[in-house]
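Examination of the molecular architecture
Take a look at the letters that make up each chain.
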Amino acid sequence: MITDSVKGVMFDFSGTLFRVEPTEDWLRAVVADAGIELPEAELSALAARLEEAGALPGGASPRRLPARLEPLWRERDLSPEQHRATYTALTREVPLPAPELADALYERHWTPAAWRPYPDTAATLAALRERGLPVAVVSNIGWDLRPVFRAHGLDRFVDAYVLSFEHGVQKPDPRLFRVACEALGLAPADVLMVGDDAVADAGAAALGCPVRLVEHLPVGQRPNGLSSALGLN
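These notes cover the structure that comes with them.

1. Some remarks on the packing of helix H1 (residues 23–33) against helix H2 (residues 40–53)
It is at 9 Å that the axes of H1 and H2 come closest, and there the two elements cross at 120°. By the criterion of interaxial angle, the relationship of H1 to H2 is oblique. Crossing hand, H1 versus H2: right-handed. In contact with Thr23, Glu24, Trp26, Leu27, Arg28 and Val31 of H1, H2 contributes Glu40, Leu43, Ser44, Leu46, Ala47, Leu50 and Glu51.

2. Observations regarding the packing of aromatic side chains
To describe a pair of aromatic rings, one takes the distance between the centres and the angle between the planes. If you walk through the whole model with that rule in mind, you get nine aromatic pairs. The interplanar angle of 45° and the centroid separation of 5.4 Å between the aromatic rings of Phe13 and Phe18 together place this pair among those described as tilted. Judged by relative accessible area, which is 0%, Phe18 ranks as buried. Taken together, a centroid distance of 5.8 Å and an interplanar angle of 40° make the contact between Phe13 and Phe149 tilted. Note that Phe13 is positioned in the loop between strand E1 (8–11) and strand E2 (18–20) and Phe149 in helix H7 (residues 146–151), a separation of 136 residues in sequence.

3. Some thoughts on the pattern of salt bridges
Oppositely charged side chains can pair when the atoms bearing their charge come close. One pass over the full model with this rule turns up 17 salt bridges. The closest approach of N and O atoms between Glu93 and Arg68, which form a salt bridge, is 2.2 Å. With a gap of 25 residues between them, Glu93 in the loop between helix H4 (80–91) and helix H5 (101–109) and Arg68 in the loop between H2 and helix H3 (70–74) connect regions that are remote in the sequence. Judged by its relative accessible area of 36%, Glu93 falls in the partly exposed class. The closest approach of N and O atoms between Arg92 and Asp103, which form a salt bridge, is 3.4 Å. In this pair, Arg92 is assigned in the loop between H4 and H5 and Asp103 in helix H5, connecting sequence segments 11 residues apart. Residue class for Asp103 comes out partly exposed when judged on its relative accessible area of 29%. Connected via shared salt-bridge partners are Glu24, Asp25, Arg28, Glu40 and Arg116.

Rules used in this analysis
- Residues numbered from 1 in each chain as written.
- Predicted model: local features only at pLDDT ≥ 70, side-chain atom pairs only at ≥ 80, totals over all residues.
- Heavy atoms only, no water.
- Axes fitted to C-alpha atoms, helices over the stretch in contact; angles between N-to-C directions.
- Helix = DSSP H or I, 4+ residues; strand = E, 2+ residues; numbered from the N terminus.
- Parallel < 35°, antiparallel > 145°, perpendicular 65-115°, else oblique.
- Left-handed = near helix turned anticlockwise from the far one by under 90°.
- Contact = heavy atoms within 4.5 Å.
- Phe/Tyr/Trp six-rings, centres within 6.5 Å; stacked < 30°, edge-to-face > 60°.
- Buried < 20%, exposed > 50% of the residue type's maximum accessible area, 1.4 Å probe, protein only.
- Salt bridge = Lys/Arg side-chain N within 4 Å of Asp/Glu carboxyl O.

Take a look at the structure:
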């Protein structure tokens, strides 16, 4: 909730401001670019297996994580190399029509076309800007998400990006939130953290930041999550 004590806001990225495209759309775009024709039933079945494997970054977590990948999974957002290695390995757990699709699928997910802002993201960020409240995006991620914000016209509302791979620190480590507060020039107690993960995003509370959680849902199923969480609607 935005109160007089809040002087700035930190937001998580995936599941909070943006949501990655559905797994079927992700797969369909890549096989089309590769010139591979799959019957719709086969494509749907393959997408379901990829989702079960947790192959889509920003999508569902693996339902059964292979033991050999557990160390990679735990530290997947510390560097671009670890991020790619983790998700391409998960993709290769599923038999693909062509082996090169593993890398193509990975590269698709970081394109702006693969991400959709929630319906009230732009309005929420604009309202905070009108109130003079600076905004930081704090994300566990292995690639640069700034082009996604620029492509969707939202970069003008963000004052700082604090990304795990650029600092070698993952949420819930309080150090990442401290970097964001310092980037905004504010004391932690004055900065609200908004996210969808009760463990990772709630790590900001260790610094004394207030925390608000929103539901991690597909774009069409959470039309006013941000504005409701912040009391802006």
